[in-house]
Amino acid sequence: MPYQPMQGTQQGQLICGGCRTLLVYPQGASNVRCALCSTVTSVPPHGTEMAQLVCGGCRTLLMYMRGATSVQCSCCHTVTLAIDTPPAAHINCGGCGMTLMYAYGAQSVKCALCQYVTSI
C-alpha cells in the first residue's frame, strides 16, 4: 500500500534509501529527507504501483514495483519471492507512536519496539 494516501490524510509512505526506515511524507513532495540518517530519497511518480514485503534473510521491510516475481534485498542480498498478499494497513503504536503495519482484519497489533498491544 505504499505511495497511496493513508486513510483520511494527504500523505504517502516510502522506505528510506539509507537506513530502511518507513517515511511518511506529504502528497506532492518530490524528495524526502530521513530524520534519522539524513538520506534524501526520491518519491516515485504518482500512480506508481508499489508493494512491500519482509526480506527472508534479514527481515528488512522491502518495497518493490507491483508485479515483480522476486526482490533482492539491498542489505543482505537475499532474493525473496514476491507473492501477492492481502492488503496491509498502518496504525501508530499506542505506546511509543511508531508506525506499525498490519494485515486488514487484524484485531490488534503488537509493537516490536515497546511490546505494546494496540487495538485496531
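On a predicted model such as this, the values are computed, not experimentally measured, just so you know.

## Quick word on the UniProt feature "domain: Zinc finger LSD1-type" (unreviewed entry) in the protein
Reasoning step 1: Taken from the UniProt record, the annotation "domain: Zinc finger LSD1-type" (unreviewed entry) applies to residues 16–40, 55–79 and 93–117.
Reasoning step 2: Along residues 93–117, the helical share is 0% and the strand share 36%, with 8 Å between the first and last C-alpha atoms.

## With respect to the pairing of strand E6 (residues 61–65)
Reasoning step 1: Here strand E5 (residues 50–54) pairs with E6 via five bridges, running antiparallel. Across the sheet, the residue bridging to Leu53 is Leu62, located in E6.
Reasoning step 2: Joining the antiparallel neighbours E5 and E6 is a turn of six residues, in which Arg59 adopts a positive phi near 70°.

## Thoughts on the side chain of Thr41
Reasoning step 1: Locating Thr41 in the fold gives a position in strand E4 (residues 40–42).
Reasoning step 2: On the accessibility criterion, Thr41 (12% relative accessible area) is buried.
Reasoning step 3: Polar contacts involving the side chain of Thr41 include one to the main-chain amide nitrogen of Gly17, which spans 2.9 Å.
Reasoning step 4: With residues up to four places along the chain from it excluded, the contact list for Thr41 reads Leu14, Ile15, Cys16, Gly17, Asn31 and Val32.

## Quick notes on unusual backbone geometry
Reasoning step 1: With a phi close to 70°, Ser38 is a non-glycine residue in the positive phi region.
Reasoning step 2: Relative to the helices and strands, Ser38 resides in the loop between strand E3 (31–33) and E4.

## Notes on the environment of Gly57
Reasoning step 1: Positionally, Gly57 belongs in the loop between E5 and E6.
Reasoning step 2: The class of Gly57 is partly exposed, set by a relative accessible area of 46%.
Reasoning step 3: Sequence separation of Gly57 and Thr80 is 23 residues, and the distance between their C-alpha atoms is 8.1 Å.
Reasoning step 4: Excluding residues that lie within four positions of it along the chain, Gly57 makes contacts with Cys76 and Thr78.

## Describing the confidence of the model for the protein
Reasoning step 1: When the pLDDT values of the protein are averaged, the result is 82; 85% of them are 70 or greater.
Reasoning step 2: Contacts of residues 1–9 to residues separated by more than four positions or lying in other chains number 27 contacts, the stretch itself having pLDDT below 50.

About the criteria used
- Residues numbered from 1 in each chain as written.
- Predicted model: local features only at pLDDT ≥ 70, side-chain atom pairs only at ≥ 80, totals over all residues.
- Heavy atoms only, no water.
- UniProt positions renumbered as here; feature names shortened; annotations may be inferred.
- Helix = DSSP H or I, 4+ residues; strand = E, 2+ residues; numbered from the N terminus.
- Pairing = 2+ DSSP bridges.
- Buried < 20%, exposed > 50% of the residue type's maximum accessible area, 1.4 Å probe, protein only.
- Polar contact = N/O pair within 3.5 Å; in protein donor to acceptor, adjacent residues only side chain to side chain.
- Contact = heavy atoms within 4.5 Å.
- pLDDT = per-residue confidence, 0-100.

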